[in-house]
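Report on the structure
So the chains spell out like this:
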Amino acid sequence: MRGTCVTAKLACATAVIFAVMGVVSCYAKTPTAADDQVDAVAALIQRVLATSSGFVPEFVLGVDEGSSDFYFSLWSNQNGTIVTIEGNSGVALASGFHWWLKYSALCSISWLGDQLVLPSEPSYIPFYSVTSPYTFGYYMNVCTLGYSTSWWSWTRWEREIDWMAMNGVNFPLAFVGQEKVWQDVYTQLGIPAEDINEFFGGPAFLPWQRMGNVDGWAGPLPQYWIDSQYNLQLQILERMRSFGMTVVLPGFAGHVPSVLTKYYPDASVTELGSWNAFNGTFFLDPLDPLFVQIGSLFVSTISTTYGTDHFYNCDPFNEMDPPSNDTDYLSSVSQTIYSSMSVSDPKAVWVLQGWFLVNSPDFWLPAQAEAFLTAVNIEDLIVLDLYGEVKPVWEENLFYGRQFIWNMLHNYGGRPGLYGTLPRVANGPVNALNNASAFIVGVGYTPEGIETNPIAYDLTSEMIWRNKAPDLDDWVGQYSVRRYGVDNKNARTAWSLLQNSVYNCTTSQHGATGSLVGARPDINITKVGHSTSSIYWDPADVCNAWDLLLGESDVLQNVTTYQYDLTDLTAQVLSDVMLDYHSDLINAFNAGDSTSFETAASQITKLITDMDQLVSTRPMYLVGKWISDAMSWATDDSTSLLYQYNARLQITMWGLPESDLNDYAYKLWGGLVSGYFLPRWETFIDSLRLSIGNSTAWDHDEYTNQVIAVEQQWSLETDFENYPSTPSGDTVQVATEIYNSYYSQCPSKVSQLLHQQYLESIKMNKK
């Protein structure tokens, strides 16, 4: 066992000086890699507890270098003043600390607020040890780097990496800064940088350029951005590795700039089909010798630039089918992709997102899947079962004995709304673990967007350590206690209602049910962006949970986590009521009833205004913050305009007006609700009003042109000063006012009807 003594290392001594409320100490040691991991966790504890109150014990940390098990142990001395945490890595130590924080100190660390009121007195902790049944705790989706982390500074990344370590993530995706590497690679191939920069997309759209979906969208990418992200990646990787994490770097999947054929005219390059109305991108045939040349050069260059842990992610066919379904061809493609890694790194392991098997099942039939996956040796490939909580590919036996990691995807586009599949998360990995034919090696999270529904991620993080499903009733009850720092009966009941309603989705929908507030208005709205409008839960449960949780505001009003949860729950209720208001508007329009129409129109605009006021009370829910974070990377007026355009475009139109991506990444954010969604609804209402007033048929095409003009105008505006980046108003006060105005209308008639339709569909499916 190796660790650090307070008197032996300045890092720990510094931690003691600044950790005023407690001490971080460690075992005596000789300098090894374990030293850095212990020091990294000591610094993490210092950062996390810096804003805590209550009694902080002395922490004694030790890394067990001799163990190959992913484990942690913790215990205290008799009076609880010293807590010892041991583990096989920095991540294990941080996870042990987090376990102490949750189950001994009854605290909560999350994207949506922290609750760090520790007990006022120390307490004895008996010896507790847990060994993960898995090798890996995986985190991140390629798309997360667009929908959530686009504009992150090092400060935000530092907090996220701390979160990773505390939540068992020892195998993170690390995709920042790869454009610098691609510039170097293509320069070595004789292609100048000025010909390559048009290939890169804007900062908010880089994930889809990297995956080969679209080239150059919302670009070009400034050189300062490329250089800054290179420096940021160096910080990210240093911190990740300091915790003992094994990072997953990008590999080459075959996507090339169109200009490649100018310099290599004999290259076998195919223009792929269009993606969401964008022109097709260009794919280098893996059987062309140039493929291995580029791929191996990329691996050697990125390894030189950032170091390597020998794991590389590349997804050659993300939402695009290969040019041939011939099994020999697919086998050769797979072999060549792996060879492009192993030529430069003989220890290379290919990490492959299994989304292609979910997204295109008609192409990837068993024969095609088997040919593609089995062409690479078992030890050289890990497949991410990306959507494990809803469509687990392993259950269809389509991995053919290959290693896989079970993941919860949960969120698409960072879209809002209360949503989860807690029973599936609790049981899915365990079912795979207990299946003799399933080669499961890890559990992880692969959300497209983060900073929503922290309960779902809290549970998933524990499944990295569990070999049995927890009792969810008990677990959720404990969650409510540590979420707010008190054992409150009504808060427990509220969370029980939510557990068995919005957090027990049994459909295959892609994330949360959409809010009509964020929909492009129309007479019939069946989806919001790509979000379904189905109501799989009993809406009365949400109303009752709202009533119970708001009723405890006198006790909980100053708790940050409570404020966020109350905001989310109130927004969910407003989205419910909006269903009735929209129905009333359309019924009045169809009847030609101007009086009822105006009543419904006023109700809609007031509700949207109330929604904006509500979400504007929380710092995480401000479009002004998103825009200001983007603009913080600017070096001049032109880059400021470019970054602001990227930030605005992604959360609204996303792509071309004719594409199916409109509102894909919509958010219920202060400023966006009032500045974008409200004008869309006003345009819709004005269009219908004109039809009623003139007694003429409604011109849907004319309205569509009008609303697209509103959308385009907002995405091109530069009035960032109109969107505050700091919150305003008191969450509890605003929620109480909304409660007084809307509770009598909750649940809405339409939501009850939609829920009944859902129940009927379940009955029909059983028949």
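Refer to the structure above for everything that follows.
Thresholds, definitions, all that
- Residues numbered from 1 in each chain as written.
- Predicted model: local features only at pLDDT ≥ 70, side-chain atom pairs only at ≥ 80, totals over all residues.
- Heavy atoms only, no water.
- Helix = DSSP H or I, 4+ residues; strand = E, 2+ residues; numbered from the N terminus.
- Rg over C-alpha atoms; globule rule 2.2 N^0.38 Å.
- Buried < 20%, exposed > 50% of the residue type's maximum accessible area, 1.4 Å probe, protein only.
- Contact = heavy atoms within 4.5 Å.
- Axes fitted to C-alpha atoms, helices over the stretch in contact; angles between N-to-C directions.
- Parallel < 35°, antiparallel > 145°, perpendicular 65-115°, else oblique.
- Left-handed = near helix turned anticlockwise from the far one by under 90°.
- Nonpolar A, V, L, I, M, F, W, Y, C, P; charged D, E, K, R; others polar.
- Core = buried A, V, L, I, M, F, W, Y, C linked by side-chain atoms within 4.5 Å.
- Salt bridge = Lys/Arg side-chain N within 4 Å of Asp/Glu carboxyl O.
- Phe/Tyr/Trp six-rings, centres within 6.5 Å; stacked < 30°, edge-to-face > 60°.
- Lys NZ or Arg CZ within 6 Å of the ring centre and 35° of its normal.
- Pairing = 2+ DSSP bridges.
- Disulfide = S-S within 2.5 Å.
- Expected span 1.5 Å × (residues − 1).
- Polar contact = N/O pair within 3.5 Å; in protein donor to acceptor, adjacent residues only side chain to side chain.

**Describing the overall build of the protein**
For the protein, the helix and strand inventory stands at 28 helices and 21 strands. Here the protein has a C-alpha radius of gyration of 26 Å; the compact-globule value for 767 residues is 27 Å, and the two agree. Based on the C-alpha atoms only, the size of the protein along its principal axes is roughly 85 × 75 × 60 Å. Counting all 767 residues of the protein, 61% fall into the buried class. Of the contacts made within the protein by residues no fewer than 6 positions apart, 76% connect residues no fewer than 24 positions apart.

**Comments concerning the packing of helix 3 (residues 90–103) against helix 16 (residues 454–463)**
The geometry of helix 3 relative to helix 16 is characterised by a closest axis approach of 12 Å and an angle of 130 degrees between their N-to-C directions. Put simply, helix 3 runs oblique to helix 16. Considering how the two elements wind past one another, helix 3 and helix 16 form a crossing that is left-handed. Between helix 3 and helix 16, the contacting residues are Trp99, Lys102 and Tyr103 on the first element and Asp458, Ser461 and Glu462 on the second. Among the residues forming the contact of helix 3 with helix 16, the class breakdown is two nonpolar, one polar and three charged.

**Overview of helix 16**
Of all 10 residues in helix 16, 10 are buried; the element is thus mostly enclosed. Residues of helix 16 that are buried: Pro454, Ile455, Ala456, Tyr457, Asp458, Leu459, Thr460, Ser461, Glu462 and Met463.

**Thoughts on the nonpolar core**
In terms of nonpolar packing, the biggest core is built from 269 residues, with Phe97, Trp157 and Trp654 touching the most fellow members. The element that contributes the greatest number of residues to this core is helix 21 (residues 560–591), accounting for 15 residues. Contacts of Trp157, omitting those with residues within four sequence positions, involve Met140, Leu145, Thr149, Trp152, Met164, Val176, Leu232 and Ile236.

**Observations regarding the environment of Val63**
In this structure, Val63 sits in strand 3 (residues 58–63). Taking the C-alpha atoms as reference, Val63 lies 43 Å from Gly624; in sequence the two are 561 residues apart.

**Quick look at the pattern of salt bridges**
For the structure on display, the rule yields 28 salt bridges. Of the charged contacts, one joins Glu462 and Lys102 as a salt bridge, the two residues approaching to 2.7 Å between their closest N and O atoms. Taken as a pair, Glu462 in helix 16 and Lys102 in helix 3 lie far apart in primary sequence, 360 residues in all. In terms of burial, Glu462 and Lys102 fall into one category: buried. A salt bridge links Arg680 to Asp663; the shortest N-O distance between them is 3.1 Å. Remark: Asp663 occurs in the loop between helix 24 (637–650) and helix 25 (672–694) and Arg680 occurs in helix 25; sequence separation between them is 17 residues. Comparing Arg680 with Asp663 shows no difference in burial state: the two are buried. The structure contains a network of salt bridges with shared partners spanning Lys102, Asp458, Glu462, Arg466 and Arg482.

**Considerations on the packing of aromatic side chains**
For the structure shown, the criterion picks out 71 aromatic pairs. Ring centres of Phe59 and Trp100 lie 5.0 Å apart, and the angle between their planes is 85 degrees; on these two criteria the pair is classed as edge-to-face. Taken together, the positions of Phe59 in strand 3 and Trp100 in helix 3 put the pair 41 residues apart, joining distant regions of the chain. A residue is classified by how much of its surface remains accessible, and Phe59, at 0% relative accessible area, is buried. With centroids separated by 4.9 Å and ring planes inclined at 80 degrees, the aromatic side chains of Phe205 and Trp654 adopt a geometry described as edge-to-face. Placement of Phe205 in the loop between helix 7 (193–196) and helix 8 (206–210) and of Trp654 in the loop between helix 24 and helix 25 is noted, with a sequence separation of 449 residues between them. Taking the relative accessible area as the measure of exposure, Trp654 reaches 0% and is therefore buried. Pairwise contacts between aromatic rings join Tyr147, Phe205, Trp208, Trp217, Trp275, Phe278, Trp654 and Tyr664 into one cluster. When the ring centre of Tyr664 is taken as reference, the NZ or CZ atom of Arg415 above it lies at 4.7 Å. The positively charged end of Lys667 is found above the aromatic ring belonging to Trp669, 5.5 Å away from the centroid.

**Details of the sheet that holds strand 12 (residues 255–256)**
Spatially, the three strands line up as an open sheet ordered 12-14-13, and their pairing is antiparallel. Edge strands, defined here as strands with exactly one partner in the open sheet, are strand 12 and strand 13 (269–271). Bridge count for strand 12 against strand 14 (residues 282–284) is two bridges, and the pairing is antiparallel. Counted as the bridge partner of His255 is Phe283 from strand 14.

**Concerning the state of the cysteines**
Throughout the structure, instances matching the rule amount to one disulfide. Across a sulfur-sulfur distance of 1.7 Å, Cys543 and Cys746 are joined as a disulfide pair. The sign of the -90 degrees torsion about the S-S bond sets the Cys543-Cys746 disulfide as left-handed. Of this pair, Cys543 sits in helix 19 (residues 539–550) while Cys746 sits in the loop between helix 27 (731–742) and helix 28 (749–766), placing them 203 residues apart in sequence. Of all cysteine sulfurs in the structure, the one in Cys543 sits closest to Cys505, which takes part in no disulfide; the separation is 18 Å. Residue classification places Cys505 among the buried positions, given a relative accessible area of 1%.

**A closer look at the sheet that holds strand 10 (residues 171–172)**
Hydrogen bonds between backbone atoms are what pair the strands of a sheet, whose relative direction is either parallel or antiparallel. Spatially, the eight strands line up as an open sheet ordered 10-9-19-18-17-16-15-11, and their pairing is parallel. A single partner strand is all that each edge strand has here, and the edge strands are strand 10 and strand 11 (248–250). Here strand 9 (residues 136–139) pairs with strand 19 (residues 440–445) via four bridges, running parallel. Of the residues in strand 19, the one forming a bridge with Gly137 is Val443.

**A word on helix 15 (residues 422–433)**
If you check helix 15, its first and last C-alpha atoms are 18 Å apart, about what 12 residues at 1.5 Å a residue would give, namely 16 Å. Within helix 15 the residues assigned to the buried category are Leu422, Val425, Ala426, Gly428, Pro429, Val430 and Ala432. Taken together, the buried residues of helix 15 touch strand 18 (403–408), strand 19, helix 16 and helix 17 (472–484).

**A few points about the environment of Asn407**
One can find Asn407 in strand 18. Asn407 gets classed as buried once you look at its relative accessible area, which sits at 0%. As a C-alpha pair, Asn407 and Pro220 span 187 residues in sequence and 34 Å in three-dimensional space. Sequence-distant contacts of Asn407, defined by excluding residues within four places in its chain, comprise Tyr138, Leu384, Asp385, Leu386, Tyr387, Gly388, Glu389, Gly444, Tyr445 and Thr446. Within the structure, the side chain of Asn407 is placed 3.4 Å from the backbone nitrogen of Tyr445, a separation counted as a polar contact.

Interpretation in functional terms is not warranted from these geometric data alone.
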